[in-house]
Amino acid sequence: GAQPLTVAVQAEDLGSGMAWVDFYWRSADWLNANWIPLGADADGRDGWTAWLDPALLGEMNGSALVAVAVDAAGNRRAAWLPWLRVDEQPPSLNLMPLPEQTASTAVELTWQAQDAQSGLAAQELTYRLLPGGDWQVLPVELQQRRAWWLGHFGEAVEFRLRLWDRAGNLSEQHTQTVLEAAC
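Residues numbered from 1 in each chain as written. Predicted model: local features only at pLDDT ≥ 70, side-chain atom pairs only at ≥ 80, totals over all residues. Heavy atoms only, no water.

(A) Local environment of the nonpolar core. Counting 19 residues, the largest nonpolar core has Leu109, Trp111, Leu125, Trp149 and Phe159 as its most contacted members. Going through the elements one at a time, strand E7 (92-95), strand E9 (106-114), strand E10 (120-129), strand E12 (146-150) and strand E13 (156-165) are the ones with two or more residues in this core. When residues no more than four places from it in sequence are discounted, the contact partners of Leu109 are Leu95, Leu98, Leu125, Arg145, Arg146, Ala147, Phe159 and Thr175. Counting residues in hydrophobic clusters, the runner-up holds 13 residues, among them Val7, Val21, Leu52 and Ala69. (Core = buried A, V, L, I, M, F, W, Y, C linked by side-chain atoms within 4.5 Å. Buried < 20%, exposed > 50% of the residue type's maximum accessible area, 1.4 Å probe, protein only. Helix = DSSP H or I, 4+ residues; strand = E, 2+ residues; numbered from the N terminus. Contact = heavy atoms within 4.5 Å.)

(B) Summary view of the layout of surface pockets. The computed volume of the largest pocket comes to approximately 570 Å³. As for the largest pocket, its lining consists of 28 residues, and the residues nearest its centre are Leu5, Leu52, Leu84, Arg85 and Val86. Contributions of two or more residues to the lining of the largest pocket are made by strand E1 (5-9), strand E2 (18-26), strand E5 (64-71) and strand E6 (76-81). At four residues, the largest contribution of residues to the lining of the largest pocket is made by E1. Taken together, the residues that form the lining of the largest pocket break down as 21 nonpolar, four polar and three charged. (1 Å grid on protein atoms, 1.4 Å probe; cavity = no way out; pocket = protein on both sides within 12 Å on 5 of 7 lines; lining within 4 Å. Points joined across faces, edges and corners; volume = space filled by probe spheres on them. Nonpolar A, V, L, I, M, F, W, Y, C, P; charged D, E, K, R; others polar.)

(C) Highlighting the sheet that holds E6. Read across the sheet, four strands follow the order E3-E2-E5-E6 without closing on themselves; strand pairing throughout is antiparallel. Since the sheet does not close on itself, it has two edges, and those belong to strand E3 (36-41) and E6, each with one partner. Each strand of the sheet is rotated relative to its neighbour by a mean of 20 degrees, with strand direction disregarded. (Pairing = 2+ DSSP bridges. Axes fitted to C-alpha atoms, helices over the stretch in contact; angles between N-to-C directions.)

(D) Layout of the sheet that holds strand E8 (residues 101-102). The five strands lie next to each other as E8-E14-E13-E10-E11, forming an open sheet whose pairing is mixed. The sheet is open, and its two borders are formed by E8 and strand E11 (136-138), each paired with just one other strand. Here three bridges tie E10 to E11, and the two strands are oriented antiparallel to one another. The partner of Tyr127 across the bridge, within E11, is Gln136.

(E) Spotlight on the packing of aromatic side chains. Evaluation of the coordinates by the stated rule reveals five aromatic pairs. Arranged with centres 6.5 Å apart and planes meeting at 85 degrees, the rings of Trp30 and Trp35 form a pair that is edge-to-face. Overall, Trp35 belongs to the partly exposed group, its relative accessible area being 32%. Plain terms: the ring middles of Trp30 and Trp83 are 5.2 Å apart, the flat faces sit at 45 degrees to each other, and that makes the pair tilted. Placement of Trp30 in the loop between E2 and E3 and of Trp83 in the loop between E6 and E7 is noted, with a sequence separation of 53 residues between them. Connected via pairs of aromatic rings, a cluster forms that spans Trp30, Trp35, Trp80 and Trp83. Seen from the ring of Trp135, Arg160 lies directly overhead, with NZ or CZ sitting 4.1 Å from the centre. (Phe/Tyr/Trp six-rings, centres within 6.5 Å; stacked < 30°, edge-to-face > 60°. Lys NZ or Arg CZ within 6 Å of the ring centre and 35° of its normal.)

(F) Seen up close, unusual backbone geometry. The linkage connecting Leu130 with the following residue, Pro131, adopts the cis geometry, with an omega of 0 degrees. Non-glycine residue Trp83 carries a positive phi angle of around 55 degrees.

(G) How the structure looks around the pattern of salt bridges. A full pass over the atoms with the stated rule returns four salt bridges. Measuring nitrogen to oxygen at the nearest pair gives 2.9 Å for the salt bridge that ties Arg128 to Glu158. On the criterion of sequence distance, the pair formed by Arg128 in strand E10 and Glu158 in strand E13 is long-range, its members being 30 residues apart. You can call Glu158 buried: its relative accessible area is 9%. (Salt bridge = Lys/Arg side-chain N within 4 Å of Asp/Glu carboxyl O.)

Shown next, in the form of structure tokens:
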């Protein structure tokens, strides 16, 4: 299911100043459901936020959120987000397989990655020497789709690529090769 999350809005009042922001959630049952208070935030120094836990509220798809900003003079302005859609699909990942044996100590890894719903959040490329070595990080940037690893002749190595989207969904793929004993 969906993970707990923080709901945040930007609110300001140049006249009397902001007093607080109230947050509400409503289920997809628009005929019978009431707005459920998620909380109020009266300290905007760290942003105007509330906690939303889908496990406590139920199905998120088709539900709605509303934030009501209240200024020091008592004026209210609401912003709402209807028809919420929860991203439960992992990102699309295609790590190109390596040959069983490689005739070089330089191994090029290439992959394709995308997420059409919430967008990509992070990727992690790691490797380990076989059998049973510890995973080591190969630093890569989020938009990077190619990396090189330098090893030694005779080594067997496994690579693992993990990709997260902004909803926390994970995709993972592995590939491995053996560096030939000599060129």
